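Listed below are the residues making up each chain.
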Amino acid sequence: MDKFAALEPTRLYSSSASATNTRASRAQLISRWIGKLPADVHLLVLNHLPIPDIPAYARVSRATAGLSRDEKVWERRWNDLAITRHALDDTLDDLESRQMPKTSACSPPTIFVDDDFGDFTSAPRMPSIPSLSAAFTSFTFTDASPGKQTFRTRYIRAHSILTKCLAPLQQPPHAVLSALTPLIGASLLPQARSLCLLSFFLSPRIQPVRNWDILLAALKAAIDRFDVSLLTAFDAADSSGDEVMMREAAHASWEVWPGFGDWEMGKVWAEKREILYEQGRWNPLANFTEENTLDFTPMDEFMASVIRALEEHGARAVFVFPPAAGVLIGFAERVANEVVGEYITSLLTRAREISNALYLTAVAATFRESWRIVDVLTTLSSNFSDKDKHKAEDVIFMMFEPNMDEYLDEEIESLKQAFELICKEWARSTLALTSHGSPTQTQQTRFLTAQNPALMKRTVLASFTDVLLLPVTIVPRTVGAGVVAVGGAVGAVGTGMVQGIAMLNPQRWVGGTGSVNNTKEYTSFDLRGAEGEAAIFEIGADEEGGVDESSMAQSSARDTASIANTNAAANSFTPPTLDTSQTNVAFSASAIKATLAPTGNLDLLLSLDVALQLIHADRDALKRLEIFASYPSHYGIRVRETIEEAFCEMLGVLSNRHLEKGFGIATERMDSYKPAEHEETASVAPLLQFFELVHIGDTIQSMVQVFFDKELAPYIDKTDFLNVVVREKKRFENTLDDCVAAGLNAGTQVLMNQVEHIILTLTKPREYYPPEDAPLELGPTQGCTEAIRCLDTHCKLLKGSTSKEVLEVFYQEVGIRLLAILQKHIKRQIISLNGGFQVIADLNAYYSFIASLKVPNITADFSHLKMLGHVFVVEDAKDLAQIVRDVTRYGGAYRPEDIYEFIQRRADWKKIEKTVDKTMYNLSFKEDCIIS
C-alpha cells in the first residue's frame, strides 16, 4: 500500500477563471480556422455574398455569426454605397426624414436579446415586396450597441432607409417616377441625388435584394426618363435665358449621369452655339496684301469675334455646368478645332504657296493669336487648378499639332538657306574687296585705330546685348518692309525684327551717314563712312585704359533713344568723331589704310556684319521656336531639339564658312609675304591686318557667348558637357583658337622676316667698324631703332585682342627668334673696339624692349646677350681669353666655343688670336707644332 500515492482531489466542474481561459483558447483557434477553412477565406466569401445570403451564412455557427459582424465586411459594403465619396449623407437624411411619419406608426418594437444569434430572430415584413420578405425572414438589423457609429451600423441604417424606396420600382415604367416622388422629393437636384444613391444601392457589388437586377433595370429606365425631362427643361430655360433653371437642370443631369460615354446635356448645349456655324463670315486669305505680304489685321478681327463668343458662352458654361463636367474645355476644343483650326489651315496653305519664310512667320503668328483662347479660358474660370490650366493649354496644343512636323522641318531648312545666302554674298563681296586694287575701296570698321580696343569691344557687346533684349513682334502688322525676296527666297520678320536689324547694323558704329537697305534682309550692309574711313565706336582719350563712364552713359542714352524710334531713324545715328591725335597707337587710320592694297585687304576676310547677320537669322528662328517651347510630350522634345539644332547650325556655318576660311586665307598670304618687295619697312601689312582679324574674331566669339547666355541657356544645361550645343560651342571656340594660333605662327615669322630685313637694309657697311677719327655716338643704330619700333608697334597692336596666355606665347616666340637674328647679325659683322661700344648700345636697346614685354625667361636670355657684347671692348687678349673661359659669366647660356665664334668677328682678331688660343687652351705653337 505504501507504494501507491494518494489520489489528489479533483473538481468535477472547472472554476470561472479556468473556464474563461478555455473559451479564450477556443476563440483563438476559431480566429484562425473555422471548420476546414481559414477565417480569412470566410471573410473573403462574406465580402462577395449578396446581402440576403449573409443571414444564412451567419446561422452556420457561432464563429460565422461572429464573422458576419466583422467591420471589414461592412466597411466594404458602406464604401460600395459611395455615400461618403459622393457626399450623399444629406440625401440619405432627407429620405429618412420623409419616411419617419410613416414608419413610426407601423414599425414593430424590437426587443434586445443578448445571445449569439440575436441578430437573426426577427425581421420587418414588407408585404409590397414578397421576395424581400422571404429573404429577410430571420434577419433583423438590430445592433447590440445602437449608439456606436460603426460601418455596420451605418450600412444597416442606409439599408433600412433605401429598401423602403424599392417598392415603387415595381410600378409600370411610366409610373415609377410618380411613385418615387413622395419618397425622394419634387425638386430636381434632390431627386437626382436620390436616384443616384438608389443606383449605387442596387449595384452588382451590393445586391441588397434577390431581384436587384430587375429593380436596377427599372431604376435605369426611370433615370433615362428623368434625364430626358431634364434635357427638355434645360432647353426651354436656355431659350428663355433662365440661367438659374439651366444650372439646376444641368447639375441634376450630371448627378444621374453614369460616368461613361458623352454627357448629352453638355454636348447638346455646345452644338447649339452659333459660333460653330459661322466660318463663312471670315476669309483667311484677307491676311495677305496685294504684295503677298502678311497683315494680320483681319485675323485680329476674327479672333476678337471668337474671343467674344468664348467669353459670352464660356461665362454661362462656368455658371451653369458643374466644373467636373468640363463643358467649358469641351466647348473650347470644338471652337478651336472647327473654327480657328480651319481658319489657320487655309491661311498656312496660302502662305506655303507664296514662300517658305512667309509660311514660318504665319505659323508662329497664328499660334500666338490662337493662344489668346487659353488666356480667355483661364480668366473665365479663376478657380482653375494646375491640371485645369494644362487642359486649357492642351486645347491649342492639340489643335496645332497637325502643323508642327512640317513647321519644325521647314524652320531648319529655311535657316540653312538663309545661311547659304549670307555666305555666298560674303564670298562674292570678299572676292572684290580682297583683290589687289585701289586703296580707296570700301574698308572694314577698325579696332586698330582705337586707343582702347577692349573698351571698344565692351561697347560693341553692350549694344549687341541691347539688341538681344529688344521685344520681338511675332504677329505681323503690315510687314511688307520685312518680307522681300532675296535670291529666290523670302525673309519674313516682324516689326521688332526690322528694328533689330537696324540696331545690329555696323553702320551705327561708323562715323558716316549711310543708311541700311532694309529691303535686303540677309545681304551685306554698306560699311562705307562719310569719307571712306571707318572706326568702331570711336572713343575719346581714356587714361590708363579705364572705361570712360560718361562716354558709356552717353552711348547708353543714344541706344535708348534709337530703340524708342519705330522707323529707320536709328540708322542715321552718328557717334562723335575720334580725335586721332590722342591715340596711343603709332599708326593712324590713314597710315594703316595705305598698307592695305599691296596685300589684298586681309582684314576684310572676316566681318562683324556677317556674324551679326548669321546670329540675326538664327535669332529669328529662335524667337519663333520659343513660342512653342512649352509644348508637352513628343513635340516639346522636338521643339527643344530644333532650337539646339538651329544654334549648332549657326555655329557650324560661322566656324567653317567664315572664321576658318578667312583665317586660312590670311595665313596663306602671310606665308607668301616678302618684305624686300615692299617699300614700307616700319610695319608688316599682313600682320597688321591679321591683328585686326584677331580683334574681329575675338569680338565674334564674345557675341556668340552673349547670344548663348541670353537666348540658349534657358533651354539647356550649360554644365552638361555631353549636350550637343555645349559640345558644338566648345568646338567653335577651339577652331577659333587653332586659327589664331596658326595665323600667329605665320604672322610671327612674317614679323621677324621684316625685322631681319630692316636690320640688314638699315645697318651701314661700317656701322660697327667706324673710322678711327669718327666721333663716338653711344646710341642705338638706325637699324636697331627701326627694328625695335616695328616690333613694339605690332606687339602693342596685339595686346587686348587675345588672351594673356596666347600673348605671352607670342612675345616669347618673338624674343626667341629675335635672339637668333641678332646672333646671326653679329656674326656677319667686323667689329672694332669703338664699334664694340656701338654693339653694346644696340644690345642694351634690344634688352630694354624685351624687358618691357615682361617675359622672364626671354629677358634673361637678352641679359646674357647684353653681357656678351663686352667681348668686343676688351683690349687685352689675355683678359679676353679669361672672359671667354668664364662659363658662369653668362649663366650657362653660352659655351666657350660659342663665345669663341663671336670674338672672331673682332677687327683685331688676327693679332690676338694666338694669345687668346694659348691662354684658353694652353697651346704653344713653337713647342707643340713641328713644320716638316
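Residues numbered from 1 in each chain as written. Predicted model: local features only at pLDDT ≥ 70, side-chain atom pairs only at ≥ 80, totals over all residues. Heavy atoms only, no water.

**Student:** Is there a simple way to think about the overall build of the protein in this case?
**Tutor:** On a plain count of helices and strands, the protein comes out with 34 helices and four strands. Across the 932 residues of the protein, 50% fall into the buried class. Across the protein, contacts joining residues at least 24 apart in sequence account for 78% of those joining residues at least 6 apart. Carbon and sulfur atoms form 54% of the exposed surface of the protein, whose accessible area is close to 44400 Å². (Helix = DSSP H or I, 4+ residues; strand = E, 2+ residues; numbered from the N terminus. Buried < 20%, exposed > 50% of the residue type's maximum accessible area, 1.4 Å probe, protein only. Contact = heavy atoms within 4.5 Å. Areas by Shrake-Rupley, 256 points an atom, 1.4 Å probe, with all protein chains shown as cover.)

**Student:** I tried to follow the packing of aromatic side chains on my own but got confused; where do I start?
**Tutor:** In this description, an aromatic ring pair is defined by two values, namely the gap between the centres and the angle between the planes. Per the stated rule, a full pass over the model turns up 27 aromatic pairs. With 6.1 Å between their ring centres and 85 degrees between their planes, phenylalanine 691 and phenylalanine 810 make a pair best called edge-to-face. With phenylalanine 691 in helix α25 (residues 685-712) and phenylalanine 810 in helix α28 (residues 804-827), this pair connects stretches of sequence that are 119 residues apart. The buried category is assigned to phenylalanine 691, whose relative accessible area is 0%. (Phe/Tyr/Trp six-rings, centres within 6.5 Å; stacked < 30°, edge-to-face > 60°.)

**Student:** Help me out: how do you make sense of helix α23 (residues 608-626) in this one?
**Tutor:** Because an α-helix completes one turn every 3.6 residues, residues spaced three or four positions apart along the sequence face the same direction. Counted at 1.5 Å a residue, the expected span for α23 with its 19 residues is 27 Å, and the 26 Å between its end C-alpha atoms agrees. For α23, a buried count of 18 out of 19 residues is recorded, marking the element as mostly surrounded by other parts of the structure. (Expected span 1.5 Å × (residues − 1).)

**Student:** In this structure, what is going on with the environment of phenylalanine 732? I would like to understand it.
**Tutor:** Its location among the elements puts phenylalanine 732 in helix α26 (residues 724-762). In the structure, phenylalanine 732 is positioned 84 residues away from cysteine 648 in sequence and 9.5 Å away in space, judged by C-alpha atoms. Leave out the neighbours within four places in its chain, and phenylalanine 732 touches Leu651, Leu654, Ser655, Leu659, Ile700, Gln701 and Val704.

**Student:** So what exactly am I meant to see when it comes to the packing of helix α29 (residues 833-853) against helix α30 (residues 856-868) here?
**Tutor:** A pair of packed helices is captured by two measures, namely the crossing angle of their axes and the spacing between those axes. Contact geometry of α29 with α30 gives a least axis separation of 9 Å together with a crossing angle of 170 degrees. The orientation of α29 relative to α30 falls into the category roughly antiparallel. Here Leu843, Asn844, Tyr846, Tyr847, Ile850 and Ala851 of α29 lie close against α30, whose contacting residues are Ile858, Thr859, Phe862, Ser863, Leu865 and Lys866. Considering only residue class, the contact of α29 with α30 consists of eight nonpolar, three polar and one charged. (Axes fitted to C-alpha atoms, helices over the stretch in contact; angles between N-to-C directions. Parallel < 35°, antiparallel > 145°, perpendicular 65-115°, else oblique. Nonpolar A, V, L, I, M, F, W, Y, C, P; charged D, E, K, R; others polar.)

**Student:** Would you mind showing me how to read the packing of helix α13 (residues 264-271) against helix α15 (residues 327-354) here?
**Tutor:** Two elements in contact, α13 and α15, have axes separated by 10 Å at closest approach and are oriented at 40 degrees. With respect to α15, the element α13 is oriented oblique. For α13 against α15, the interelement crossing comes out right-handed. Residue-level inspection shows Gly266, Trp269, Ala270 and Glu271 of α13 in contact with α15, the latter providing Val327, Phe331 and Arg334. Here the contact of α13 with α15 is built from residues that sort into four nonpolar, one polar and two charged. (Left-handed = near helix turned anticlockwise from the far one by under 90°.)

**Student:** Just checking my understanding: could you explain the confidence of the model for the protein for this structure?
**Tutor:** Any residue range with low pLDDT should be treated as having predicted coordinates unsuitable for detailed reading. Per-residue pLDDT for the protein averages 77, and the proportion of residues at 70 or more is 73%. Confidence over residues 102-144 falls short of pLDDT 50; this stretch has 59 contacts with residues more than four positions distant or in other chains. Taken together, the stretch residues 436-445 has pLDDT below 50 and engages in 34 contacts with residues farther than four places along the chain or on a different chain. (pLDDT = per-residue confidence, 0-100.)

**Student:** Would you take a moment to explain helix α5 (residues 71-81) for this structure?
**Tutor:** Restricting attention to buried positions, one finds in α5 the residues Val73, Trp74, Arg76, Arg77, Trp78, Asp80 and Leu81. The N-capping residue of α5, defined by a side-chain oxygen 2.8 Å from the backbone nitrogen of lysine 72, is aspartate 70. (Polar contact = N/O pair within 3.5 Å; in protein donor to acceptor, adjacent residues only side chain to side chain.)

**Student:** How do you make sense of the environment of serine 630 when you look at a structure like this?
**Tutor:** With respect to the helices and strands, serine 630 occurs in the loop between α23 and α24 (633-671). Counting along the chain gives 237 residues from serine 630 to glutamate 393, while the straight-line C-alpha distance between them is 9.4 Å.

**Student:** Whenever I open this one, the nonpolar core confuses me. Can you help?
**Tutor:** As a rule of thumb, nonpolar side chains are buried together in soluble globular proteins. Ranked by size, the top nonpolar core spans 235 residues in total, and within it Phe321, Phe628, Phe663, Leu751 and Val916 carry the most contacts. Among the elements that take part in this core, helix α18 (residues 386-433) stands out by supplying 16 residues, more than any other. Contact partners of phenylalanine 628, with chain neighbours within four places excluded, come to Val363, Ala364, Phe367, Phe400, Met404, Tyr407 and Val639. (Core = buried A, V, L, I, M, F, W, Y, C linked by side-chain atoms within 4.5 Å.)

**Student:** Can you walk me through unusual backbone geometry in this structure?
**Tutor:** For residues other than glycine, phi is negative in most cases, and the peptide bonds are mostly trans. Despite not being glycine, alanine 82 shows a phi value in the positive range, around 60 degrees. Inspection of the secondary structure assignment puts alanine 82 in the loop between α5 and α6 (89-106). The exposure class of alanine 82 is buried, given its relative accessible area of 1%.

**Student:** Please explain a nonpolar patch on the surface as it appears in this structure.
**Tutor:** Taken together, Leu37, Val41 and Val45 make up a surface patch of nonpolar side chains, about 200 Å² in accessible area. With respect to the helices, strands and loops of the structure, valine 45 is situated in helix α2 (residues 39-48). (Patch = residues over 30% accessible without salt bridge, like charges linked within 9 Å, V, L, I, M, F, W, Y side chains within 5 Å. Salt bridge = Lys/Arg side-chain N within 4 Å of Asp/Glu carboxyl O.)

**Student:** Help me understand the side chain of lysine 729 in this model?
**Tutor:** Here lysine 729 shows up in helix α26. Owing to a relative accessible area of 10%, lysine 729 belongs among the buried residues under this scheme. Contacts of lysine 729, omitting those with residues within four sequence positions, involve Leu651, Gln705 and Phe708.

**Student:** Would you explain the side chain of threonine 919 in this entry?
**Tutor:** Inspection of the secondary structure puts threonine 919 in helix α33 (residues 909-921). What threonine 919 contacts, discounting residues up to four positions off in sequence, is Lys878, Ala881, Gln882 and Arg885.

**Student:** Can you walk me through the pattern of salt bridges in this structure?
**Tutor:** Opposite charge on two side chains permits pairing when their charged atoms draw close. Evaluation of the coordinates by the stated rule reveals 38 salt bridges. Each member of the salt-bridge network shares a partner with another, and the members are Asp238, Glu243, Arg273 and Arg316.

**Student:** Is there a simple way to explain the environment of glycine 185 in this structure?
**Tutor:** Relative to the helices and strands, glycine 185 is located in the loop between α9 (173-184) and α10 (188-201). When the C-alpha atoms of glycine 185 and arginine 98 are compared, they prove to be 8.4 Å apart, with 87 residues separating the residues in sequence. Beyond its immediate sequence surroundings of up to four residues, glycine 185 is in contact with Arg98 and Gln191.

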